[in-house]
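Structural overview
Below, each chain spelled out in residue letters.
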Amino acid sequence: MKKAAVLFPGQGSQYLGMGREFLELDGAARDLMEKAEKQSGVGLTKLCLDGPMEELTRVLHLQPAITTVNLICWQALVRALPDFRPAFFAGHSLGEYSALCAAGVVSPRDCLALVTRRGELMEREGAKRPGGMRAVLGLTVDEVESLLEDFTGGMVVIANHNSERQVVISGDLVGLGGFSDVCSRNGARIVPLNVSAPNHSPLLGGAVEDLAAVLRDIDFNRPSVPVVFNVTAEREEDPAAIRSIMARQIATRVRWYESINLMLREGVELFIEAGSGKVLSGLMRKIVPRGAATCVQFDTPEGLAKVVEAIKNSGS
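Residues numbered from 1 in each chain as written. Predicted model: local features only at pLDDT ≥ 70, side-chain atom pairs only at ≥ 80, totals over all residues. Heavy atoms only, no water.

1. Examining the nonpolar core
If you look at the biggest cluster of nonpolar residues, it comprises 72 residues, and the most contacted ones within it are Leu-77, Phe-84, Phe-89, Val-106, Phe-220, Ile-272 and Phe-298. For this core, the element with the most residues is helix α5 (residues 59–80), which contributes 11 residues. Beyond its immediate stretch of four places on either side in the chain, Val-106 contacts Leu-100, Cys-101, Cys-111, Leu-114, Ile-218, Asp-219 and Phe-220. Judged by nonpolar contacts, the second largest core, of 18 residues, contains Leu-7, Leu-262, Leu-280 and Met-284. (Core = buried A, V, L, I, M, F, W, Y, C linked by side-chain atoms within 4.5 Å. Buried < 20%, exposed > 50% of the residue type's maximum accessible area, 1.4 Å probe, protein only. Helix = DSSP H or I, 4+ residues; strand = E, 2+ residues; numbered from the N terminus. Contact = heavy atoms within 4.5 Å.)

Right, dumping it as structure tokens:
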């Protein structure tokens, strides 16, 4: 069987109606959603299905919402293929918590508690230091870093290195506006992201110690399957080191391009995106050399059936 990796999306993958089909047809999905609502204190079912989008997009609500849909998808795949064991897990930003849960590092209950508290801390810091995020399309990370060296018009950093020529910047509104103009003059296309905080930037640095304190109170296990982490673009097995990585992740660059390339070098030929939308699948088309690997995505029972078939066929 081909080596497979399971990927979990994060903020930006949301849409109204996410999880609807599983919630309508799958009692286990409804049970997990009910537990998530109790854990988070948020009416997640209504937000996921009916919105409004501006309330779903609030970081306080979005973190448990996306994580719950991710875990609904993963648990459905486990039930469909009990013997399936991927070679790696990875999650993009928020999705990394779903990866930890899938790898057995944290329990579903603790995972939902963590993302709920993470959302609270990010919303708090975002209110103190408003900002946002924008995708810079058409420039390499080295080119963006070079432009940043000479920029003095506000606070801006590279938040995500998503693909060779897709970099996400994060910072205050003055900095984002000024640096977006700089990038545009150098041939980039700028796309504002639908997020409500300057994620993965020093503007959220005030949340790091508070999140670290929360992480210390959670039981962490060694991963049953290797997890490739955003902060390092490497594996890590030691629970104490994982806690440190996850505390820093909130204000540190997401090294997604490097993470996917590590898995490609390790021989992964099938990537499975488990969760809402197709954001990661879209990135994979820009990262993976033609013919090197296949990427499939699901967030409905119909999509799950196609993924199960793809996994079974990968052994032939």
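Still more to cover.
2. Focus on the sheet that holds strand β6 (residues 189–192)
Reading across the sheet, the 4 strands line up as β4-β5-β3-β6 and stay open at both edges, with antiparallel pairing between neighbours. A single partner strand is all that each edge strand has here, and the edge strands are β4 (156–163) and β6. Each neighbouring strand pair of the sheet contributes to a mean axis angle of 25 degrees, computed without reference to strand direction. Where β4 meets strand β5 (residues 166–171), 6 bridges bridge the pair, whose relative direction is antiparallel. Looking at the pairing, Ile-158 lines up with Ile-169 of β5. Against the sheet, helix α8 (residues 141–149) engages β3 (132–137), β4 and β5, with an angle of about 175 degrees to β4. On the sheet, helix α9 (residues 173–185) packs against β3, β4, β5 and β6 and is oriented at approximately 5 degrees with respect to β3. (Pairing = 2+ DSSP bridges. Axes fitted to C-alpha atoms, helices over the stretch in contact; angles between N-to-C directions.)

3. Re helix α10 (residues 208–216)
Residues of α10 that are buried include every one of Val-208, Leu-211, Ala-212 and Leu-215, and no others. Angularly, the buried residues of α10 cover 105 degrees about the axis, an arc narrow enough to put them on a single face. Looking at the packing, one finds that the buried side of α10 touches α6 (95–102), α7 (108–128) and α11 (239–249). (Arc of directions from axis to C-beta.)

4. With respect to the environment of Gly-119
Turning to its location among the elements, Gly-119 is positioned in helix α7. Taking the relative accessible area as the measure of exposure, Gly-119 reaches 0% and is therefore buried. Once residues lying within four places of it in the same chain are set aside, the contact partners of Gly-119 are Val-59, Leu-60 and Gln-63.

5. Some details on the sheet that holds strand β2 (residues 88–91)
If you trace the 4 strands from one edge of the open sheet to the other, you get β2-β1-β7-β8, paired in parallel fashion. Only two strands of the sheet have a single partner each, and these edge strands are β2 and β8 (294–298). Going across the sheet, the axis of each strand differs from the next one's by a mean of 20 degrees, ignoring polarity. Pairing geometry for strand β7 (residues 268–274) and β8, over 5 bridges, is parallel. Each bridged residue has a counterpart across the sheet, and for Ile-272 the counterpart in β8 is Val-296. In this fold α5 packs onto β1 (3–8), β2, β7 and β8, with an angle of close to 155 degrees to the strand it touches most, β1.

6. Quick word on the pairing of β2
Neither face of β2 is open: one carries Phe-88 and Ala-90, the other Phe-89 and Gly-91, and all of them are buried. Sheet topology note: the β1/β2 ladder contains 4 bridges and is parallel. Each bridged residue has a counterpart across the sheet, and for Ala-5 the counterpart in β2 is Phe-88.

7. Regarding the pairing of β7
Consecutive side chains of a regular strand alternate in pointing toward one face of the sheet and then the other. Burial runs high along β7: 6 of the 7 residues are buried. For β1 and β7, the ladder comprises 5 bridges, and the chain directions are parallel. Across the sheet, the residue bridging to Val-6 is Ile-272, located in β7. For the crossover from β7 across helix α13 (residues 279–287) to β8, the handedness is right-handed. (Right-handed = clockwise from strand over helix to strand, strands pointing away.)

8. Focus: a positive patch on the surface
On the surface, Arg-189, Lys-278, Arg-285, Lys-286 and Lys-306 cluster together to form a positively charged patch. Mapped onto the elements of the fold, Lys-306 is located in helix α14 (residues 301–313). (Patch = residues over 30% accessible without salt bridge, like charges linked within 9 Å, V, L, I, M, F, W, Y side chains within 5 Å. Areas by Shrake-Rupley, 256 points an atom, 1.4 Å probe, with all protein chains shown as cover. Salt bridge = Lys/Arg side-chain N within 4 Å of Asp/Glu carboxyl O. Lys, Arg positive; Asp, Glu negative; His and termini not counted. Charge placed at Lys NZ, Arg CZ, Asp CG, Glu CD.)

9. Examining the pattern of salt bridges
This structure, assessed with the given rule, holds 14 salt bridges. Linking Asp-210 and Arg-124 is a salt bridge whose minimum nitrogen-to-oxygen distance equals 2.8 Å. With Asp-210 in helix α10 and Arg-124 in helix α7, this residue pair connects regions lying 86 residues apart in the sequence. The shortest N-O distance in the salt bridge between Glu-266 and Arg-235 comes to 2.8 Å. Here the residue Glu-266 occupies a position in the loop between α12 (256–265) and β7, and Arg-235 occupies one in the loop between α10 and α11, the gap between them amounting to 31 residues. Note on Glu-266: relative accessible area 31%, which makes it partly exposed. Residue class for Arg-235 comes out partly exposed when judged on its relative accessible area of 37%. In the salt-bridge network here, residues are joined through shared partners; they are Arg-124, Glu-125, Lys-128, Arg-129 and Asp-210.

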